[in-house]
Amino acid sequence: PGEGAARMRSARSALVLCAGLAVAHAVSVDVVLGDNLGPLLPARLVTHLEATGAAVSVQATGKCGGSSDLCLAFGSSPASRAVIGPELLAQAGAEGFVVSDGRLAGSGSGRLIAVDGNPGQLPRVGDPSPSAGAAYGAYAVLERVGFGFVHAFQPVIPSSLAFAASFAPPTPQVTVESPKWPVRSWHYHTEHPLELTDFLQGFDASCAGVNASAAPHCAFNESWESMFPDMLRFVDWLLAARQNRLEWIPLLNWQWGDQGTSPQRLARFRNITATLHAAGLLAVVDVPVAERQQNAWYMTNATGSIAECEADIASHIDQWAAAGFDVLATESGFSEFTHPACDVMLALLNFTADYASDAYGMPAYVKAHCSTGQSCPNFTDPRTGQPIDFNFLPALGSPRLNVMPHTVQVYSRDDPAGDSYGNANLTYMFDFATWLAERSTARGDGREVVWHGESAYWVNYDIDVGLALGPLYGERRLNDLRWLAAQQAASGGGMAALRGQNVFASGSPWSYWVGNTVAARAAWDPQAAGLTQEQAFAAALDPVAAALFFGSDQGEMPAQRLKAVLGKVVTDHRQLLVLGNATGVPAPPPGPQGTTYRNGMAYLGGADTWSTVETLVQGHSTQPKRVFLAAVTNWTKGQGAPPGYLDVLAPLLRALRSMTAAHLVEVASLAPMVRPEAAELFADLVAAFNMTALRAAQVEAVYEAASPSSSNTTRHAALGRALLAIRAAGAVVAANEPRYGVSSERVAGWRGTPTSYGYGFLWTVRSLMYMWRDYGLATAVTALAEQGEVQIERLSPCYMNINDPLLIGLGSNELQELGDWARREAEKTGIDWVKALGNCLAQPDAEPQYPRDL
């Protein structure tokens, strides 16, 4: 490797010299397309290569022309078979691939890179479908010559292939890659209004949402067909990340009328699944049995007879099989927090799995969530003899019911969760996964266990605040899989039922492309062999480093710097954001709940009406518990009480500001080393760290303003600093929106969407809603302290509500309409406390404008 790097540096220097003398020539590239690439990939590969400005010649003979600077042989062809024998392909195994990289025979200095791979163990339904291994290997070769596929919608295209063509190993270098697990699935959570949510729902994207008749009158309107190139870029990313399944949730709302079930929409579903098949990917439809939240297209209301419910489920599965889906995923309960009778739920889950398998050969999976407080008194957990957690009920069902244990947010097995979803930690989810895998393996019943962690949560917590948590998410998901791989290896074959990973994803910008890449590729290679977690994360960053620094005349130094910087970032983030540890910060009390209220994540993330209401009503919410701005006290009042400002919060928030500011400087210092083609990609990373530093500064300031120990002068100075941070954040957001990779109006506009949210998933970043809400609360607390003025609307938990809770939580259009009416009537009264309560009931009619609408 050292000699290779030296040759690459020499070649780079020579190319720079030649360019300076104006003697460089257009690179000639022969492309050989094998017969196992399927119908989609040949055109994609040629398109990418032509985008570099190279003179591309597709060789119909299946052999390299012999006089080109570079010959790339993709898939099974005479050119690849000449250097990749059957014994190497046998070594690669199912879905594996082999790359041979050496000199092009007869060309003197030309380079030949050939790749071929094996089909997978899973059924392939394309006509013809490509070999999975050949597809993964093709993108590995593109990355080898300078492409970067680390952002789903913003690939890095080299401006020239001259550097890649200049470096031909004197003797062929052979690389064999094989996957760790057979299930490597990407759950793109379309209950959130993400980049491709409209497209994957079969709808145009417009300010009118699904209302097609109103769309022509919208200032923003993208046709379904116009978004297809975004889908193809997503497919590129999935293949480069070695994924073999794409999963998403179809949505339905009765207000859409015939548009919801129109032939056009169903035809678009078939078009999407056919495109996935053409790339060798399986299409997974996630349709809840009875879950009604967030416009879910559930299969039955679970209130009729079992026979009626089964008939409903069967008709839905028939529909999705006809639309070309290969795998069925489903959800348990009416929502994350409510459920029908346990015996009814289990019977319907069993029927779902059995019918899908018997009628269509579709494997079925159900999510086991980490929400708390639900149990089934009439069903016993075999491990404890106690009533089983409702979320674990599928373990008692049909062995055809495969199970996906689902954790949330950044937290891994060895992390406290700060009371998120009522959890002290999520260790029990890992224990459930390993127990179920061991039991299913011992029984030989065929049940699969697939891990289901997250690379972004969205609601209030991470990407929709603009926080640079992508690297931490990637490192924590890598930690998940390394632990599971170690348990599987130690079992000596006793956990064969553990089959892989399905990552829950909510977007790419604001650094999350880093975490997505690390998390996805970890299922192919969890970097488990003899490495520490720090070393494994550094190795997992190789694709990111290559995308940013490929061909650097500084050799490996920029990549090593990036790994060192991001390695320190994730260590610091885990220590302060998760564990609550930092110099000068009092150590959290011992015990699983010790970090509750005392971790940086609780304050860096956003807070809205419903995280506040949930905490007030049930004592916890769907994110870490924080001390509310309106409830800040000077000192901690007793063991287990919310911490006081002076002894705990002030040093915690001071450390948070200091840490995030230092991270911004370190990350930004890498910018001069980034290659020009990746400058915008890296700028997104810098913007995320900038936003994080500004958010930390603003949070420190608003809590200082809210502290009872602050003087009037101190409060106003703190509010001034908070306002400066918000203004600076607005400039950062405006500069970063063009880097999202898709239309910024689609993802950051206040508009109708197919989801239960009336805005794109990054609207809260564009509007800085979470920063403005904290600022508004701090000004109300200041007014109360200084003048005794009670600003009811601002101090209400309903302050600045932007959601329809009855639609999001219960999936009820009737109640949503009632809530809209009640909010408008409350506004008419002019009574502050009535208006405050009315704000809880529905989303505003018009887009809020801050600070006007504070």
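Visitor: Honestly, the confidence of the model for the chain in this entry has me stumped. Any pointers?
Guide: Keep in mind that low pLDDT regions are not for reading the predicted coordinates in detail. Overall, the prediction assigns the chain a mean pLDDT of 91, with 92% of residues at 70 or greater. Across residues 1-24, where pLDDT falls below 50, the model places 24 contacts with residues more than four positions away in sequence or in other chains.

Visitor: Just to check I follow, could you spell out the pattern of salt bridges for this structure?
Guide: Side chains carrying opposite charge are able to pair once their charged atoms draw close together. Counted by the stated rule, this structure contains 37 salt bridges. Close ionic contact of Arg 476 with Asp 415 constitutes a salt bridge, the shortest N to O distance being 3.1 Å. Placement of Arg 476 in helix 13 (residues 470-490) and of Asp 415 in the loop between strand 16 (401-405) and helix 12 (427-443) is noted, with a sequence separation of 61 residues between them. By relative accessible area, Arg 476 is classed as buried at 3%. Given the relative accessible area of 1%, Asp 415 is considered buried. Note that Arg 476 is salt-bridged to Glu 475, the shortest N-O span being 2.7 Å.

Visitor: How should the packing of helix 5 (residues 132-144) against helix 8 (residues 228-240) be read in this particular structure?
Guide: Two quantities define a packed helix pair, namely the angle between the helix axes and the distance between the axes. Two numbers describe how helix 5 lies on helix 8: the axes approach to 8 Å, and their chain directions differ by 95 degrees. Put simply, helix 5 runs roughly perpendicular to helix 8. Across the interface between the two elements, Ala 135, Tyr 136, Tyr 139 and Glu 143 of helix 5 pack against Asp 236, Leu 239 and Ala 240 of helix 8. For the contact of helix 5 with helix 8, the class distribution of residues is 5 nonpolar, no polar and 2 charged.

Visitor: Can you walk me through unusual backbone geometry in this structure?
Guide: In this structure, the amide linkage connecting Tyr 850 to the following residue, Pro 851, adopts the cis form with an omega of 10 degrees. Residue position: Pro 851 is located in the segment after helix 29 (832-838). In this model, Ala 302 sits at a positive phi of 60 degrees, which is unusual for a non-glycine residue. Considering the arrangement of structural elements, one finds Ala 302 in the loop between strand 11 (282-286) and helix 10 (306-322). On the basis of relative accessible area, Ala 302 is assigned to the buried category, the value being 11%. For Trp 458, which is not glycine, the phi dihedral falls at a positive 85 degrees. In this structure, Trp 458 sits in the loop between strand 17 (449-451) and helix 13.

Visitor: Just to check I follow, could you spell out the pairing of strand 12 (residues 327-330) for this structure?
Guide: Regular strands place their side chains on alternate faces of the sheet. Burial along strand 12 is two-sided: Val 327 and Ala 329 and Leu 328 and Thr 330, pointing in opposite directions, are all buried. Bridge count for strand 11 against strand 12 is 3 bridges, and the pairing is parallel. The residue bridging Asp 286 from the neighbouring strand is Ala 329, located in strand 12. Once the chain exits strand 11 it traverses helix 10 before rejoining the sheet at strand 12, and the crossover so formed is right-handed. For the handedness criterion, the β-α-β arrangement of strand 12, helix 11 (residues 342-360) and strand 13 (residues 364-368) is classed as right-handed.

Visitor: Sorry if this is basic, but what is going on with empty space enclosed by the protein here?
Guide: One simple way to see leftover space: roll a probe sized like a water molecule over the atoms. Taken as a whole and assessed by the stated rule, the structure comprises 3 cavities of 30 Å³ or more. Its boundaries defined by the atoms lining it, the largest cavity holds a volume of some 70 Å³. Contributing to the lining of the largest cavity are Ala 607, Ser 611, Thr 612, Thr 615, Ser 621, Gln 623, Pro 624, Lys 625, Arg 626 and Phe 628. Classifying every residue of the lining of the largest cavity by side-chain character gives 3 nonpolar, 5 polar and 2 charged. Roughly 50 Å³ of volume is contained in the second largest cavity. Contributing to the lining of the second largest cavity are Ala 152, Phe 153, Trp 186, Tyr 188, Glu 195, Phe 234, Trp 237, Ala 505, Gly 507, Ser 508 and Asn 516.

Visitor: When you look at the sheet that holds strand 1 (residues 28-33) in this model, what are you seeing that I'm missing?
Guide: Backbone hydrogen bonds are what pair the strands of a sheet, in a parallel or an antiparallel way. A sheet is described by the order of its strands in space; here 6 strands give the open sequence 2-1-3-5-4-6, paired in mixed fashion. Only two strands of the sheet have a single partner each, and these edge strands are strand 2 (55-58) and strand 6 (173-177). Averaged over all neighbouring strand pairs, the angle between strand axes comes to 15 degrees, with direction disregarded. Bridge count for strand 1 against strand 3 (residues 70-74) is 5 bridges, and the pairing is parallel. When the sheet's bridge partners are listed, Val 29 is paired in strand 3 with Leu 70.

Visitor: I keep staring at the state of the cysteines and nothing clicks. Help me out?
Guide: Counted according to the given criterion, the structure contains 3 disulfides. A sulfur-sulfur separation of 2.0 Å characterises the disulfide bridge that pairs Cys 64 with Cys 71. The sign of the S-S torsion, about -80 degrees, decides the handedness of the disulfide formed by Cys 64 and Cys 71: left-handed. Among the residues examined, Cys 71 registers a relative accessible area of 0% and is labelled buried. Cys 309 takes part in no disulfide bond, and the closest cysteine sulfur to it belongs to Cys 342, at a distance of 15 Å. Residue Cys 370 stays outside any disulfide, its sulfur separated by 17 Å from that of Cys 376, the closest cysteine.

Visitor: It is not clear to me how the packing of aromatic side chains should be interpreted in this structure. Could you clarify?
Guide: Here the distance between the centres and the angle between the planes together describe a pair of aromatic rings. Taken as a whole and judged by the stated rule, the model has 40 aromatic pairs. Aromatic side chains Trp 248 and Phe 325 sit 5.1 Å apart centroid to centroid with 55 degrees between the ring planes, which places their arrangement in the tilted category. Remark: Phe 325 occurs in the loop between helix 10 and strand 12 and Trp 248 occurs in strand 10 (residues 245-248); sequence separation between them is 77 residues. Each of the two residues, Trp 248 as well as Phe 325, counts as buried. A ring pair is formed by Trp 750 and Tyr 759, whose centres lie 5.7 Å apart and whose planes are at 20 degrees; its orientation type is stacked. Each member of the pair, Trp 750 together with Tyr 759, is buried. Through a chain of ring-to-ring contacts, the aromatic side chains of Trp 458, Trp 750, Tyr 757, Tyr 759, Trp 763 and Tyr 850 assemble into a single cluster. A cation over a ring is seen here: Lys 180 above Trp 181, with NZ or CZ 5.5 Å from the ring centre. One residue, Arg 292, lies across the ring of Tyr 298, its end atom 6.0 Å from the ring centre.

Visitor: Any chance you could explain the packing of helix 13 against helix 15 (residues 533-540) here in plain terms?
Guide: One way to put it is that helix 13 packs onto helix 15 with a least axis distance of 10 Å and a crossing angle of 120 degrees. By the angle between their directions, the pair helix 13 and helix 15 is classed as oblique. At the point where helix 13 passes helix 15, the crossing takes the right-handed sense. Residue-level inspection shows Pro 471, Glu 475, Leu 478, Asn 479 and Arg 482 of helix 13 in contact with helix 15, the latter providing Gln 533, Ala 536, Phe 537 and Ala 540. Classifying every residue of the contact of helix 13 with helix 15 by side-chain character gives 5 nonpolar, 2 polar and 2 charged.

Visitor: Would you mind showing me how to read the nonpolar core here?
Guide: Ranked by internal contacts, the top residues of the largest apolar core, which has 240 residues, are Phe 74, Trp 186, Met 231, Phe 234, Trp 510, Tyr 603 and Tyr 703. Tallying contributions element by element places helix 21 (residues 679-706) first for this core, with 17 residues. Judged by nonpolar contacts, the second largest core, of 12 residues, contains Ala 79, Ala 92, Leu 104 and Ala 114.

Visitor: I tried to follow a nonpolar patch on the surface on my own but got confused; where do I start?
Guide: A cluster of nonpolar residues, Leu 784, Val 790 and Ile 792, forms a patch on the protein surface that exposes about 230 Å² of accessible area. Tracing the chain through its elements places Leu 784 in helix 25 (residues 769-787).

Visitor: What is the right way to look at the side chain of Gln 527 in this model?
Guide: When you line up the elements, Gln 527 lands in the loop between helix 14 (512-522) and helix 15. The class for Gln 527 is buried, based on a relative accessible area of 17%. For Gln 527, the residues in contact, after removing those within four places along its chain, are Leu 478, Arg 482, Ala 536, Ala 539 and Ala 540.

Visitor: Can you help me understand helix 11 in this one?
Guide: A turn of α-helix holds 3.6 residues, and therefore any two residues three or four places apart point the same way. With 19 residues, helix 11 should reach 27 Å at 1.5 Å per residue; the first-to-last C-alpha distance of 27 Å fits that figure. Taken as a whole, helix 11 has its buried residues at Cys 342, Met 345, Leu 346, Leu 348, Leu 349, Asn 350, Thr 352, Ala 353 and Ala 356. Buried residues in helix 11 make contact with helix 10, strand 12, strand 13, strand 14 (375-380) and strand 16. Among the residues trailing helix 11, Gly 361 stands out with phi positive, at a value near 65 degrees.

Visitor: Please explain the pairing of strand 1 as it appears in this structure.
Guide: Relative to strand 2, strand 1 is paired through 4 bridges, and the arrangement is parallel. Residue pairing in the sheet places Val 29 in a bridge with Val 56 of strand 2. Taken together, strand 1, helix 2 (residues 41-50) and strand 2 constitute a β-α-β crossover, and its handedness is right-handed.

Cut-offs and rules
- Here the residue index of a chain counts from 1 through its sequence in written order.
- Since the coordinates come from a predicted model, pLDDT governs what is reported: local features require at least 70, and pairs of side-chain atoms require 80 or more to be given and counted, while whole-chain, interface and lining totals use all residues.
- Excluded from the side-chain calculations are hydrogens and water; all other atoms, namely the structure's heavy atoms, are used.
- A residue's pLDDT is the confidence the predictor assigns to it, expressed on a 0 to 100 scale.
- Whether two residues are in contact is decided by their heavy atoms, any of which lying within 4.5 Å being enough.
- What makes a salt bridge here is a side-chain nitrogen of Lys or Arg within 4 Å of a carboxyl oxygen of Asp or Glu, nothing more.
- Put simply, DSSP H or I for four residues or longer makes a helix, DSSP E for two residues or longer makes a strand, and each gets a number counted from the N terminus.
- For every residue, the accessible area (1.4 Å probe, protein chains only) is compared with the maximum for its type, and the residue is labelled buried under 20%, exposed over 50%, or partly exposed between those bounds.
- What counts as an axis is a line fitted to C-alpha atoms, over the stretch in contact for a helix, and the angles between N-to-C directions run from 0 to 180 degrees.
- Working rule for angles: under 35 degrees goes down as roughly parallel, over 145 as roughly antiparallel, 65 to 115 as roughly perpendicular, anything else as oblique.
- Residue type decides the class: Asp, Glu, Lys and Arg count as charged, Ala, Val, Leu, Ile, Met, Phe, Trp, Tyr, Cys and Pro as nonpolar, and the leftover types, Gly among them, as polar.
- Two strands are said to pair when DSSP picks up at least two bridges between them.
- Here is how to tell: hold the view so the strands point away, follow the path from the first strand over the helix to the second, and if it runs clockwise the crossover is right-handed.
- Using a grid of 1 Å spacing that covers the protein atoms alone, one calls a set of points a cavity when a 1.4 Å probe fits there but cannot get out, and a pocket when the set is open and has protein on both sides within 12 Å along at least five of seven lines; lining residues are those with an atom within 4 Å of a point.
- Grid points are joined across faces, edges and corners, and a volume is the space filled by probe spheres set on the points.
- The criterion for a disulfide is a pair of cysteine sulfur atoms lying within 2.5 Å.
- Only the six-membered ring of Trp is used, alongside the rings of Phe and Tyr, when aromatic pairs are assigned; centres must lie within 6.5 Å, and planes under 30 degrees apart are stacked while those over 60 apart are edge-to-face, with the rest tilted.
- To sit over a ring, a charge needs its Lys NZ or Arg CZ within 6 Å of the ring centre and within 35 degrees of the ring normal.
- If you view the pair so one helix is near and one far, a crossing is left-handed when the near helix is turned anticlockwise from the far one by less than a right angle, and right-handed when it is turned clockwise.
- What makes a nonpolar core is a set of buried Ala, Val, Leu, Ile, Met, Phe, Trp, Tyr and Cys residues whose side-chain atoms join them at distances within 4.5 Å.
- Note on patches: the residues involved have over 30% relative accessible area and no salt bridge, like charges join within 9 Å, and the nonpolar side chains Val, Leu, Ile, Met, Phe, Trp and Tyr join within 5 Å.
- Surface exposure here means Shrake-Rupley accessible area, sampled with a 1.4 Å probe, where a residue is shielded only by the protein chains that are shown.
- Expected span of a helix: the number of residues minus one, times 1.5 Å.

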